[in-house]
Amino acid sequence: MAAILEPVKQPPVSAHVAHCRFCGERLEHTFVDLGLSPLCQTHIEPQALHRMEPFYPLHARVCGGCWLVQLEEFVAPDEIFSDYAYFSSYSDSWIEHARRYVDAMTERFGIGQRSLVVEIASNDGYLLQHFVHDGVPVHGIEPAANVARVAVDKRVPTTVAFFGVETARAFARDHGRPQLLLGNNVLAHVPDINDFVAGMRELLAPEGVITMEFPHLLQLMKNNQYDTIYHEHFSYLSLTTVERIFAAHELVLFDVEELPTHGGSLRIYARHREDVGRPVGNRVDALRERERAFGLTDMVTYTGFGEKVHETKRRLLSFLIDAKSNGKRIVGYGAPGKGNTLLNYCGIRTDFLDFTVDRSPHKQGRYTPGTRIPILDPSAIREARPDYVLILPWNLEEEVRRQTAFIREWGGQWVVPIPEPRVIDHIPDH
């Protein structure tokens, strides 16, 4: 009689446990799980189309201790940002936003030719060039060497480095401490947020001011902006959480502005705790209370977000399926990071989009990560005469519609996917 073989019992595999990058608590609550996705700025060269791409979990969790929404760090920042494909200067509206910022800071804080202005993640000099024009001494700190070279060509001195305490100390020793230290859309991009904020405290002049802009978590949730979640964004920030992080490093938020950029952003103003000459303004207290009323200190608010995302995906796919079934031609506009999340999460490939276009020559001739959709020059839209243009950088919707107004010549329409899919058939008034 044959022996009966018992299955070998494998030892239990320990579940992976993630911890909050700010306060260290265990991350036990899911905000939204978007499956697997490649890095959003790794556009594929034609000769690499046959090669395998790495995909990483795009699973955002929320900390029950400090309410920081975050992704785990699967790829080191130097692999993401050392040679980067995002150049700020290809957006006209973003350049104008930067110019208005320079005018406002100059007036409010008396920034002039005796000041020093330092921008962290200064990109291609899109903002500091306006200070240079006014004769203000500036310096950029930018990790991507290819992008920094463009800034230097604009007469913006730039140090190629990742920012943190060590960089801050070296910079202060070599160049001095700035009266204005700023960063736009960088606070969410750093995995070691404690080292980053501690570095700002180390670098800032005693009576200096920090301004930081970042997408507002409250707006992400209200407007279903799930596609702004991608690996390059390690954190998703509210005033409530950022105030705690800065306070832990002896920095005080004394003012906050709500901005329309990137679907709804905050600009925070911070100072050293010892610099009591700038009292905390009413806008900080008011927004903190609004966040509490919305539910940003209640776990139920966070755990209910995922189903809203699933429903939006279903609605977008239903529209695309119906359009293609009726013989309609659809192309994309833009190849932004948020577009990568949307395309991969929804499974949108060339069976839906013939191609997408982008103004950046650094992306043209390549393919979108994961979904392998060709990225062409914007002139391809006029040649293709599509029925629909899917606007992937929906935060620049009006700018894109003005740039592609010619599609109305043949009855073309625009599709905006966020917060819910909608079709638009008119040109912006201004």
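The coordinates are above.
Let us look at the structure shown here.

**Section: the sheet that holds strand β3 (residues 69–70)**
Part 1 of the reasoning: Spatially, 4 strands are ordered β1-β2-β3-β9 in an open sheet, and the strand pairing comes out antiparallel. Looking at strand neighbours, the two that pair on one side only are β1 (29–37) and β9 (235–236), the edges of this open sheet.
Part 2 of the reasoning: Sheet topology note: the strand β2 (residues 56–62)/β3 ladder contains 2 bridges and is antiparallel. Counterpart to Val 62 in the pairing with β3 is Val 69.

**Side note on the state of the cysteines**
As used in these notes, a disulfide is a covalent bond between sulfur atoms, one from each of two cysteines.
Part 1 of the reasoning: Scanning the entire structure with this criterion turns up 0 disulfides.
Part 2 of the reasoning: With no disulfide of its own, Cys 40 has Cys 346 as its nearest cysteine by sulfur position, at a separation of 16 Å.

**Quick word on the environment of Ser 37**
Part 1 of the reasoning: Within the element layout of this structure, Ser 37 appears in strand β1.
Part 2 of the reasoning: According to the relative accessible area criterion, Ser 37 is buried, its value standing at 2%.
Part 3 of the reasoning: Once residues within four sequence positions are removed from consideration, Ser 37 is found in contact with Phe 55, Tyr 56, Leu 58, His 231, Asn 340 and Asn 344.

**Overview of the sheet that holds strand β16 (residues 413–416)**
Think of a sheet as strands paired side by side through backbone hydrogen bonds, with each pair either parallel or antiparallel.
Part 1 of the reasoning: One open sheet accounts for 6 strands, arranged β14-β13-β12-β15-β16-β17; its pairing is mixed. Each edge of the open sheet carries a strand with a single partner, namely β14 (375–376) and β17 (422–424).
Part 2 of the reasoning: Sheet topology places strand β12 (residues 330–333) next to strand β13 (residues 356–357); 2 bridges connect them, and they run parallel. Considered in β13, the bridge of Tyr 333 is made with Val 357.
Part 3 of the reasoning: Of the strands in this sheet, β12, β15 (388–391), β16 and β17 are in contact with helix α11 (residues 305–325), which crosses β12 at around 135°.

Analysis parameters
- Residues numbered from 1 in each chain as written.
- Predicted model: local features only at pLDDT ≥ 70, side-chain atom pairs only at ≥ 80, totals over all residues.
- Heavy atoms only, no water.
- Pairing = 2+ DSSP bridges.
- Helix = DSSP H or I, 4+ residues; strand = E, 2+ residues; numbered from the N terminus.
- Disulfide = S-S within 2.5 Å.
- Buried < 20%, exposed > 50% of the residue type's maximum accessible area, 1.4 Å probe, protein only.
- Contact = heavy atoms within 4.5 Å.
- Axes fitted to C-alpha atoms, helices over the stretch in contact; angles between N-to-C directions.

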